[in-house]
Amino acid sequence: MSRLTANARVIRALGMRSVRQTFRRPQLIAPIIVFPTLLLAIQTGGAGASIALPGFPEVQGFLQFMLAGAMMQAMMLAGNSGGIALAVDIEMGFTDRLFTAPIPRFAIVLGRLAGTAVLGCFAAIWFLAIGLIFGAEIESGAAGALLAIALIAAAAMAVGGIGAAIALRTGRASVVQGLFPLVLVILFVSSAFFPQELMIEPAKTIAAYNPLSFVAEGIREPIIAGIDATTTLAAVAAILAIVALGLALSAGALRHRLRVG
Amino acid sequence: MAAIAAQGLERAFGKLKAVQGIDLAIEEGEIYGFLGPNGAGKTTTVRMLTTLLLPTGGSATVAGHDVVAAARAVRASIGVALQEAALDPLMTGRELIRLQATLQGIPGAEGRHRADSLLERVDLAAAADRRVGTYSGGMQRRLDLAAALVHEPPVLFLDEPTTGLDPISRRTIWDEVRGLNDTGTTVFLTTQYLEEADRLADRVAIIDSGRIVAEGTPESLKAEIGNPHIALQLADGSVAEAEEVCRAVGPLLPPVDGRTVLVEVAHGAADIPRVVRALDEAGIAVESLELVQPTLDDVFVATTGHHLLEDEDEDGRGQADR
């Protein structure tokens, strides 16, 4: 068995454990599915009339517009939950088991992120299904749905990398859990929940530079209009930037953990 | 080739020197006991030898591989069961062993086979599909040990493997460790149980304040301390007469109560008939008699100036190195 194959097996095994762990621990699955579903229901029911505002993108209905926001929220919270789970592993010594195995240490982080990506996929499919059940159309069809799922999975991995870095650096689940409100703030100053054109300053400017806005638009576009190469590439670039940041922070945090034990 | 070797191994945390120049030479097939009180540096040493922590000075090899330069080769050669069983309470026992097999690069079918046979070996086959969180402390320790053995490592690190276990579970682990050692596995065992070190270890190192202060077989260490003594409990309280008789056999030790006489003997059990005869001739009735060998705690006191067991709990456990 080549080293590449062996590493892939390890990443898959750790990813599967991560997914099982999430489904077996209600406090990890609730933020990914339950909270965004509730928020989607509340916003769709309470702010549906906003689609009539001048400058609001042309959509079939507010639910169709909001699907990307719900998926973004689930994705961010999946990343955060992955960080919490890793910190719990550190607290209970489980990572020591992984660190004493003859595997590259980056495989431990990648395994966790693979699990986060699967959860991102699951969340994306969940919200697309909800949208379809309640009458929202996906304008670009199956290809658009697959694109949205792929972008959410990749973005979940990217955000999870930052969560993992914080978990590795601090080793404390409470610290990662404490980022929960910050995650929502960062998301609210993006175009995930509201069109950027209708925001007021300074949120409008912040949203214009917030990488999450590019990801949100990349997911929304195939749902409300059609696949657009420029929007998709911008989303991919934003995800890659977050991935680079997450990997750099994780690598530094891994080195730190080895130094301090 | 030494299974584990260290020269001047050091670890500092800021200004605190947790380990201060440890030398080790542990032969293949040995059980090496590492005994010390809370904060002595036992766990820090284990973490350096298992590549979990970088040394700040000195060098060490495990199974011939440098713990810094060839960390991955070290990790392929060792099994590790750390102080607190590092188990995920949400996984089942079978899932954990299979994951461990994957981490060790064991192919799927072989990994499944080994997992099943190991679970059988540590008597967890019936509980294999239950979540680990439902296991008792003894079951968790046995599972942790099984996970450490999945790749049949030549060197096994056990960091306080029986802490908190009931006597029956403790003996089960001891039997397992002895069985492993019989197959040639080198075992590095930290413990806070004197009895554990005494019974299991071929050699014992006593660590205090980050330094090894004594090393040798349990017998040789105890022999350096002095002779055994006979503890006589008298039936009728004739302590003064008994002391007079025993003084002819050997020097008396300070009494512990008004009914017991302690007399040091040069030849151990061989001196018992002589003592019994002398007391019988003097018409002194003895309620009980015990030959007391020097303990590793006596060795500890002699080398460090304080007891290992100062904070001993009901299980005979001294201070722990956390």
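Quick caveat, the model's predicted, so the values are computed rather than measured.

Turning our attention to the overall build of chain B. Helices and strands together make up the secondary structure of chain B, namely 11 helices and 13 strands. Across its three principal directions, the C-alpha atoms of chain B cover 75 × 45 × 35 Å. Out of the 322 residues in chain B, the part that is buried amounts to 46%. Pairs at least 24 residues apart make up 66% of the contacts formed inside chain B by residues separated by at least 6 positions.

Along chain A, the regular secondary structure elements total 11 helices and 0 strands. Going from the N terminus to the C terminus, chain A shows its helices and strands as α-α-α-α-α-α-α-α-α-α-α. A compact globule built from 261 residues should have a C-alpha radius of gyration of about 18 Å, and chain A, at 19 Å, falls within 12% of that. Each of the three principal axes of chain A carries a C-alpha extent, and together these read 60 × 40 × 35 Å. Among the 261 residues that make up chain A, the fraction classed as buried is 49%. In chain A, the proportion of contacts linking residues at least 24 apart, taken out of those at least 6 apart, comes to 80%.

The figure often quoted for interface size is the accessible area lost as the parts come together. Every contact between the two is made by 23 residues of chain B and, on the other side, 23 residues of chain A. Taken together, the elements giving at least two residues each to the side of chain B that touches chain A come down to helix H2 (71–77), strand E6 (78–81) and helix H3 (93–103) of chain B. Classifying every residue of the side of chain B that touches chain A by side-chain character gives 13 nonpolar, 5 polar and 5 charged.

Of all hydrophobic cores here, the largest spans 155 residues; its most connected members are Met71(A), Met72(A), Met75(A), Ala123(A), Ile152(A) and Val215(A). If one sorts the elements of this core by residue count, helix H3 (residues 62–91) of chain A sits on top with 19 residues. Discounting residues that sit within four places of it in the chain, Met71(A) has contacts with Ala123(A), Ala124(A), Phe127(A), Ala148(A), Ile152(A) and Ile219(A). The next biggest cluster of nonpolar side chains, apart from the first, holds 11 residues, and it includes Leu232(B), Cys246(B), Val261(B) and Val265(B).

The next subject is the confidence of the model for chain B. All names here are of chain B. Looking at chain B, pLDDT values average 86 and 94% of them are 70 or higher. For chain B, the element scoring lowest by mean pLDDT is helix H11 (residues 296–304), at 75; strand E5 (residues 65–66) scores highest, at 96. In the predicted structure, residues 311–322 sits below a pLDDT of 50 and forms 27 contacts with residues beyond four places in sequence or in another chain. The ipTM value of the predicted complex is 0.82, and its pTM value is 0.79.

What follows concerns the sheet that holds strand E12 (residues 260–264) of chain B. Residue and element names in this part refer to chain B. Overall, antiparallel pairing links the 3 strands, which are arranged E12-E11-E13 in an open sheet. What marks the edges here is a single partner per strand, and that holds for E12 and strand E13 (286–292). When the angles between neighbouring strand axes are averaged without regard to direction, this sheet yields 20 degrees. Pairing of strand E11 (residues 229–234) with E13, which is carried by 6 bridges, proceeds in the antiparallel orientation. Bridging from a neighbouring strand, leucine 234 pairs with valine 286 of E13. Contacting E11 and E12, helix H9 (residues 239–246) runs over the sheet at an angle of about 10 degrees to E12. Docked against the sheet, helix H10 (residues 272–281) engages E11, E12 and E13, running at close to 155 degrees with respect to E13.

This part covers the sheet that holds strand E1 (residues 2–13) of chain B. Residue and element names in this part refer to chain B. Taken in spatial order, the 4 strands make up an open sheet running E2-E1-E4-E5, and their pairing is antiparallel. Sheet topology places strand E2 (16–27) and E5 at the edges, where each strand pairs with a single neighbour. Bridge count between E1 and E2: 9 bridges; the pairing is antiparallel. Within the sheet, the bridge partner assigned to phenylalanine 13 lies in E2 and is leucine 16. Contacting E1, E2 and strand E4 (57–62), helix H1 (residues 42–49) runs over the sheet at an angle of about 120 degrees to E1.

All names here are of chain B. The buried fraction of H1 amounts to 8 of the 8 residues, a majority that puts the element mostly inside the structure. Along H1, the residues classified as buried are Lys42, Thr43, Thr44, Thr45, Val46, Arg47, Met48 and Leu49. Backbone geometry just after H1 places threonine 51 at a positive phi near 70 degrees.

Turning next to the packing of helix H8 (residues 218–225) of chain B against H11(B). Residue and element names in this part refer to chain B. Contact geometry of H8 with H11 gives a least axis separation of 9 Å together with a crossing angle of 60 degrees. As far as their axial angle goes, H11 and H8 are oblique. For H8 against H11, the interelement crossing comes out left-handed. Residue-level contacts link Pro218, Leu221, Lys222 and Ile225 of H8 to Leu296, Asp298, Val299 and Ala302 of H11. In terms of residue class, the contact of H8 with H11 is made up of 6 nonpolar, no polar and 2 charged.

Once that is clear, we can look at unusual backbone geometry. Along the chain, Glu201(A) connects to Pro202(A) via a cis peptide bond; the corresponding omega equals 0 degrees. You can see Pro202(A) is positioned in the loop between helix H8 (180–188) and helix H9 (203–209). The backbone of Thr51(B) shows a phi angle near 70 degrees, a positive value even though the residue is not glycine. Topologically, Thr51(B) is positioned in the loop between H1 and E4. One non-glycine residue, Ser209(B), lies in positive phi territory at about 50 degrees. Structurally, the position occupied by Ser209(B) is in the loop between strand E9 (203–208) and strand E10 (211–216). For Ser209(B), a count of 15 C-beta atoms within 10 Å corresponds to the partly exposed category.

The next thing to look at is the packing of helix H6 (residues 141–170) of chain A against helix H11 (residues 229–260) of chain A. Residue and element names in this part refer to chain A. At a minimum axis separation of 7 Å, H6 and H11 run at an interaxial angle of 25 degrees. Put simply, H6 runs roughly parallel to H11. As H6 runs across H11, the sense of the crossing is left-handed.

Let us look at the pairing of strand E8 (residues 186–191) of chain B. Residues and elements named next belong to chain B. Here E8 lies mainly inside the structure; 6 of its 6 residues are buried. Both faces of E8 are covered, namely the face carrying Thr186, Phe188 and Thr190 and the face carrying Val187, Leu189 and Thr191. With 5 bridges joining them, strand E3 (residues 31–35) and E8 adopt parallel strand pairing. In the sheet register, phenylalanine 34 faces E8, and the bridge partner there is threonine 190. Note: strand E7 (residues 155–159) against E8, 5 bridges, orientation parallel.

Residue and element names in this part refer to chain A. Helix length check: H6, at 30 residues, gives a terminal C-alpha distance of 43 Å against a target of 44 Å (1.5 Å per residue), a fit within 8%. With 22 of 30 residues buried, H6 lies mostly within the body of the structure. Looking one or two residues beyond H6, the residue adopting positive phi is glycine 171, at roughly 70 degrees.

Thresholds applied
- Residues numbered from 1 in each chain as written.
- Chains lettered and ligands numbered in written order.
- Predicted model: local features only at pLDDT ≥ 70, side-chain atom pairs only at ≥ 80, totals over all residues.
- Helix = DSSP H or I, 4+ residues; strand = E, 2+ residues; numbered from the N terminus.
- Buried ≥ 20, exposed ≤ 12 C-beta atoms within 10 Å, placed from the backbone.
- Contact = placed C-beta atoms within 7 Å.
- Rg over C-alpha atoms; globule rule 2.2 N^0.38 Å.
- Nonpolar A, V, L, I, M, F, W, Y, C, P; charged D, E, K, R; others polar.
- Core = buried A, V, L, I, M, F, W, Y, C linked by C-beta atoms within 7 Å.
- pLDDT = per-residue confidence, 0-100.
- Pairing = 2+ DSSP bridges.
- Axes fitted to C-alpha atoms, helices over the stretch in contact; angles between N-to-C directions.
- Parallel < 35°, antiparallel > 145°, perpendicular 65-115°, else oblique.
- Left-handed = near helix turned anticlockwise from the far one by under 90°.
- Expected span 1.5 Å × (residues − 1).

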